[in-house]
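Listed here are the chains, written in short residue letters.
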Amino acid sequence: MRLPLILLAATALAGCTVGPDFVRPQAPGATHYLPDRETSAVKGAPDIALGAGPVRRWWTAFGSPELDALVERAMANNRSLAASNATLAAGRDELRAVAGKRLPQIDANARVDQQQVNLAAFGFSGNNPLAPGGNPEFHLYSVGGGISYDLDLFGGLRRQVEQSAAQVEAQQRQTEAAHLSIAGQVVNQVLTVAAIRAQIATANALLADDLRNVDLTQKRRAGGEGTLVEVLNAQSQYAADRGDIPQLEQQLAEARHLLATLVGVAPSELGATEFDLARLTLPTAIPVALPSALVHQRPDILQAEADLHAAAAGVGVATARLYPDITLGATLTQGAPGIADLVKNAFRGYDIFAGLTAPVFHGGTLKAQRAAAINRARASDATYQQTVLDAFQQVADLLSAIQSDARSVANQNESVSVADRSRKLSRRSFQVGNSGILQVLETERLYQRSSNNLVVARTRQFLNVARLYVATAGGWTA
């Protein structure tokens with residue numbers, strides 16, 4: 001009756017699970033990202049609609065089917081995403097492997113032996129009637145199997161499964177963040193391509209003005225109203241401006257090459273990328289998740305939460321090692337000198353057992369491991385809180401940037417308008433002989449600088465809108 005009593009007592013203890021139960025962190029009480037004094041509306045800036053946040057295919061807000069197609073290709077072909085997906089699949093396999101330890105472990109075995117007994121080692125020598133020809137030889141055949149089951153009295157295995165599941169969730173959130181990041185990088189790179197193309201168009205327009213200046217100075221000199229110095233100044237400016245274009249074209253080529261890498265193809269396979277800022281739509285309203293919702297949908301925050309869960313489960317794993325453990329099991333073996341005898345009851349043996357393992361003295365190792373697990377959980381908690389604060393700061397920065405970008409675009413538009421008017425008046429003044437060519441060249445430099453600054457401001461406006469989408473969007477996986 002002793003073994004059944006042991007099993008009964010062990011079963012009663014088997015429901016015990018030591019260590020802290022994970023409690024999901026509470027959502028922050030903040031309802032806004034910016035203080036009231038920084039939330040005034042700016043003309044030309046997209047409206048911010050606090051609510052559930054953007055949809056997962058947020059890039060469609062820019063109204064470019066070509067951009068949408070590139071993001072879809074990146075989601076399907078990007079090699080980094082493929083590696084992240086495979087790592088996630090491996091984590092799920094490892095979770096099943098850990099969970100399998102909670103079930104009975106069954107093994108089978110078979111063995112064939114050929115042995116020769118050394119009779120001399122037992123004091124037999126000479127003419128031995130047991131082995132007239134020398135030491136005897138015989139064969140032994142055996143088949144059998146065994147089953148064992150860890151009762152997991154204090155939940156160590158259960159905490160291991162919980163920890164592994166939390167680690168898989170962390171990997172899943174990391175994979176979602178990778179998809180979100182790649183989508184953002186593709187959008188940013190498309191905007192970069194469009195910006196460089198706009199700068200090249202501005203530089204080519206300036207070259208056309210330079211050629212007109214060269215032609216104008218040559219005609220004035222031929223008519224006796226101009227000088228060779230004016231002609232040379234105009235030609236020098238044309239040569240200088242022409243030298244800037246190859247560098248812009250190199251930047252454009254590199255931007256396209258990086259875009260091809262993100263999409264998962266060779267640069268020669270990317271296809272046309274004739275993106276234009278004028279053909280991209282700046283959203284009139286951007287849905288932004290509330291702080292309380294952001295912590296439950298942003299992948300890096302969810303990953304930090306899963307890491308905290310895994311660390312809390314790790315405390316339970318370390319705590320369970322401080323307590324006894326009972327393993328139940330049984331073995332069955334058939335062993336006989338002949339194969340035909342393996343099925344006979346006379347050659348059968350079995351064993352039923354219950355084993356108890358309890359830590360007695362480990363030099364403080366187990367307690368130190370538990371203390372380390374507790375400190376790791378504290379570190380994970382602090383990391384989670386810092387991740388939330390960093391996310392809130394990023395969103396707040398981008399909300400402020402969107403307002404500043406609208407003001408910058410308005411100012412640069414005004415600057416371009418004034419510079420263009422000054423450039424045209426200066427050219428007319430030169431044509432009638434009221435001013436020199438240097439004044440014309442200077443006004444054209446101002447116009448070019450203003451035009452480039454406008455391109456930069458508009459590009460930054462698009463980029464910050466895209467970054468805000470990434471900062472507040474949920475994870476996206478194929």
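Anyway, here's the lowdown on the structure attached to this text. (Residues numbered from 1 in each chain as written. Predicted model: local features only at pLDDT ≥ 70, side-chain atom pairs only at ≥ 80, totals over all residues. Heavy atoms only, no water.)

Our focus in this paragraph is the overall build of the protein. Along the backbone of the protein there are 10 helices and six strands. For 478 residues, the compact-globule estimate of 2.2 N^0.38 gives 23 Å, and the C-alpha radius of gyration of the protein, at 39 Å, exceeds that figure by more than 25%. Along the longest, intermediate and shortest principal axes, the C-alpha atoms of the protein span 140 × 65 × 40 Å. Per-residue burial for the protein yields a buried fraction of 40% across its 478 residues. Contacts spanning at least 24 positions in sequence make up 85% of the contacts within the protein whose residues lie at least 6 apart. For the protein, the exposed area adds up to about 25800 Å²; of that, 55% sits on carbon and sulfur atoms. With 43 positive and 43 negative side-chain charges, the protein shows a spacing of 2 Å between the two charge centroids. (Helix = DSSP H or I, 4+ residues; strand = E, 2+ residues; numbered from the N terminus. Rg over C-alpha atoms; globule rule 2.2 N^0.38 Å. Buried < 20%, exposed > 50% of the residue type's maximum accessible area, 1.4 Å probe, protein only. Contact = heavy atoms within 4.5 Å. Areas by Shrake-Rupley, 256 points an atom, 1.4 Å probe, with all protein chains shown as cover. Lys, Arg positive; Asp, Glu negative; His and termini not counted. Charge placed at Lys NZ, Arg CZ, Asp CG, Glu CD.)

Backbone hydrogen bonds hold the strands of a sheet together, and the pairing may be parallel or antiparallel. Across the sheet, four strands lie side by side as S2-S3-S5-S6; this open sheet has antiparallel pairing. Each edge of the open sheet is held by one strand with a lone partner, namely strand S2 (105–116) and strand S6 (348–357). In this sheet, neighbouring strand axes are inclined to one another by 20° on average, regardless of whether the strands run parallel or antiparallel. (Pairing = 2+ DSSP bridges. Axes fitted to C-alpha atoms, helices over the stretch in contact; angles between N-to-C directions.)

A few words on the nonpolar core. The nonpolar side chains of a soluble globular protein tend to be buried, and buried together. Among the nonpolar cores identified, the biggest contains 56 residues, and Trp58, Val186 and Val187 are the most heavily contacted of them. Looking at this core, the elements with two or more residues in it are helix H2 (65–77), helix H4 (156–222), helix H6 (245–263), strand S4 (285–289), helix H8 (299–320), helix H9 (365–431) and helix H10 (437–472). A per-element tally of this core places H9 first, with 10 residues. Discounting chain neighbours no more than four positions away, the residues touching Val186 are Leu70, Val71, Ala74, Leu259 and Leu262. (Core = buried A, V, L, I, M, F, W, Y, C linked by side-chain atoms within 4.5 Å.)

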